[in-house]
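Structural overview for review
Listed here are the chains, written in short residue letters.
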Amino acid sequence: MTKYFIGVVTKEHVLRGVKMGIAQIGHGKRSGLARMQKNDWLVYYSPKISLDSKTPLQSFTALGQMVDDEIYQVEESPTFKPFRRKIRYEKVKEAPIAPLIPDLSFIKNKKSWGYVFRFGLVEIPKEDFELIKDSMEIK
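Basis of the calculations
- Residues numbered from 1 in each chain as written.
- Predicted model: local features only at pLDDT ≥ 70, side-chain atom pairs only at ≥ 80, totals over all residues.
- Heavy atoms only, no water.
- Helix = DSSP H or I, 4+ residues; strand = E, 2+ residues; numbered from the N terminus.
- Rg over C-alpha atoms; globule rule 2.2 N^0.38 Å.
- Contact = heavy atoms within 4.5 Å.
- Buried < 20%, exposed > 50% of the residue type's maximum accessible area, 1.4 Å probe, protein only.
- Pairing = 2+ DSSP bridges.
- Salt bridge = Lys/Arg side-chain N within 4 Å of Asp/Glu carboxyl O.
- Phe/Tyr/Trp six-rings, centres within 6.5 Å; stacked < 30°, edge-to-face > 60°.

Our next topic: the overall build of the protein chain. Counting its secondary structure elements, the protein chain contains three helices and eight strands. Going residue by residue from the N terminus, the α and β elements of the protein chain occur as β-α-β-α-β-β-β-β-β-β-α. Compactness check: the protein chain gives a C-alpha radius of gyration of 14 Å against a globular reference of 14 Å for 139 residues, within 12% of the reference. Across its three principal axes, the protein chain shows a C-alpha extent of roughly 45 × 40 × 30 Å. Of the contacts made within the protein chain by residues no fewer than 6 positions apart, 67% connect residues no fewer than 24 positions apart.

Below you can see the structure in the form of structure tokens.
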């Protein structure tokens, strides 16, 4: 059964992953990726543009589907060895979250809506995924 997830990642890192055709979440930890299987969908929510940025972005920035069940590790530096998965990204436009908040069922507290993203990976219902996907206007 297909599952749907939101990963919380800065836009800068999302765009790098899109360019490489990989999914990486939780600062490169394996555990989040291990929750996903082939054909599951991942939407990225970017609270800001980069780690150093103080300006909020609060938008969905990419959307893709897992292409296999393989999780692999790479060495970016001697101190950073993230885990990754292959993902097929759709061509979408960035979509702000604000207009969707009232209709997203996984956000229970509409006033403190950002709280749900604190763990970096959220499984969501298919209906919420479809609403987000439609707002991103897949080309």
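Of all eight residues making up strand β3 (residues 41-48), six are buried, and the element is well covered by its neighbours. Where strand β1 (residues 4-8) meets β3, five bridges bridge the pair, whose relative direction is parallel. The residue bridging G7 from the neighbouring strand is Y44, located in β3. With seven bridges joining them, β3 and strand β4 (residues 56-66) adopt antiparallel strand pairing. The partner of Y44 across the bridge, within β4, is A62.

For the structure on display, the rule yields seven salt bridges. Across the pair R88 and E90 runs a salt bridge whose closest N-O atoms are separated by 2.6 Å. Judged by its relative accessible area of 22%, E90 falls in the partly exposed class.

Moving on, we get to the packing of aromatic side chains. Across all of its chains, the model carries eight aromatic pairs by this definition. Seen in terms of ring centroids, Y45 and F117 are 4.5 Å apart; in terms of plane orientation they differ by 15°. Their pairing is stacked. Here the residue Y45 occupies a position in strand β3, and F117 occupies one in the loop between β7 (95-96) and β8 (121-124), the gap between them amounting to 72 residues. Residue class for Y45 comes out buried when judged on its relative accessible area of 3%. Between F106 and F117 the ring centres are 6.0 Å apart and the planes differ by 75°, which places this aromatic pair in the edge-to-face class. Residue F106 is located in the loop between β7 and β8, and its partner F117 is located in the loop between β7 and β8; the two are separated by 11 residues in the primary sequence. Among the residues examined, F106 registers a relative accessible area of 9% and is labelled buried. F117 sits in the buried class, given a relative accessible area of 6%.

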